[in-house]
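Read off the chains here:
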Amino acid sequence: AMQRHEGNAGVQLTACAALGELSASDDGKISVGKAGAIPVIVSAMRRHSRSASVQQQACGALRKLTANNEGNKRAVGKAGAIALIISAMQRHRGSSGVQHEAHGALREFPVFNNAGSLGYYM
């Protein structure tokens, strides 16, 4: 449905919310990831960048998909989602829901600082 109705923000919002719910369990996040949901969520984020609701649900779905799942973390990184999450935070500064979900999603990705120490976004 997400691919057939790419231009419909309501469909994207509802689908991202559903994918997030399906990703709440370890088995669910594996199934959702293997089904190819990550590129579709990323596409929704790109197409509906001005919709705080879509961004919030997409970030929430990515947060749940990547929690304790290295394969999904790699897929999210390869899909370019980290930059989109940061962009959503910048564009929707006034949305506490976007900020909360985006922050949660970014916390799943380790980074190295200039000194070479392991840290995490935010």
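Conventions used here
Sequence positions are assigned chain by chain, starting from 1 and proceeding in written order. Confidence filtering applies because this is a predicted model: local features only for residues at pLDDT of at least 70, side-chain atom pairs given and counted only at 80 or more, and all residues used for totals across whole chains, interfaces and linings. Excluding hydrogens and water, the side-chain values take into account all heavy atoms of the structure. Each helix is a run of H or I in the DSSP string that is no shorter than four residues. Each strand is a run of E no shorter than two, and both are numbered from the N terminus. Atoms considered for the radius of gyration are the C-alpha atoms alone. The globule rule reads 2.2 Å times the number of residues to the power 0.38. Relative accessible area decides the class of each residue, using a 1.4 Å probe on protein chains only: under 20% of the type maximum gives buried, over 50% gives exposed, and in between gives partly exposed. Any pair of residues with heavy atoms lying within 4.5 Å of one another is described as a contacting pair. Expected helix span is computed as 1.5 Å times (number of residues minus one). Picture the helix axis, draw a direction to every C-beta atom, and the arc is the one those directions span. Throughout this description, a polar contact denotes any pair of N or O atoms lying within 3.5 Å of each other; where both atoms belong to protein, one of them has to be capable of donating a hydrogen while the other can accept it, and for residues adjacent in sequence the pair is counted only when both atoms sit in side chains.

Draft legend 1. Examining the overall build of the chain more closely. When its secondary structure is counted, the chain shows seven helices and two strands. Secondary structure elements of the chain occur, N-terminal to C-terminal, as α-α-α-α-α-α-α-β-β. Since a compact globule built from 122 residues should have a radius of gyration of about 14 Å, the 14 Å found for the chain is in line with a globular shape. Along the longest, intermediate and shortest principal axes, the C-alpha atoms of the chain span 45 × 35 × 20 Å.

Draft legend 2. Seen up close, the environment of glutamine 55. Along the chain, the position of glutamine 55 falls in helix 4 (residues 52-66). Glutamine 55 sits in the buried class, given a relative accessible area of 2%. Along the backbone, glutamine 55 and glycine 97 are 42 residues apart, and their C-alpha atoms lie at a distance of 9.1 Å. Residues contacting glutamine 55, with those up to four places away along its chain left out, are Ala44, Met45, His48, Ser49, Leu84, Ala88, His92 and Val98.

Draft legend 3. Up close: helix 1 (residues 9-22). With 14 residues, helix 1 should reach 20 Å at 1.5 Å per residue; the first-to-last C-alpha distance of 20 Å fits that figure. Looking at helix 1, one finds that the buried residues are Gln12, Ala15, Cys16, Leu19 and Gly20. Down the axis of helix 1, the buried set is contained in an arc of 140°. They therefore lie on one face. Counted as exposed and oriented over 90 degrees from the buried face of helix 1: Thr14, Glu21 and Leu22. Contact partners of the buried residues in helix 1: helix 2 (26-34), helix 3 (37-47) and helix 4. Residue asparagine 8 occupies the N-cap position of helix 1, its side-chain oxygen lying 2.9 Å from the main-chain nitrogen of glycine 10.

These results come straight from atomic positions and should not be treated as a statement about function.
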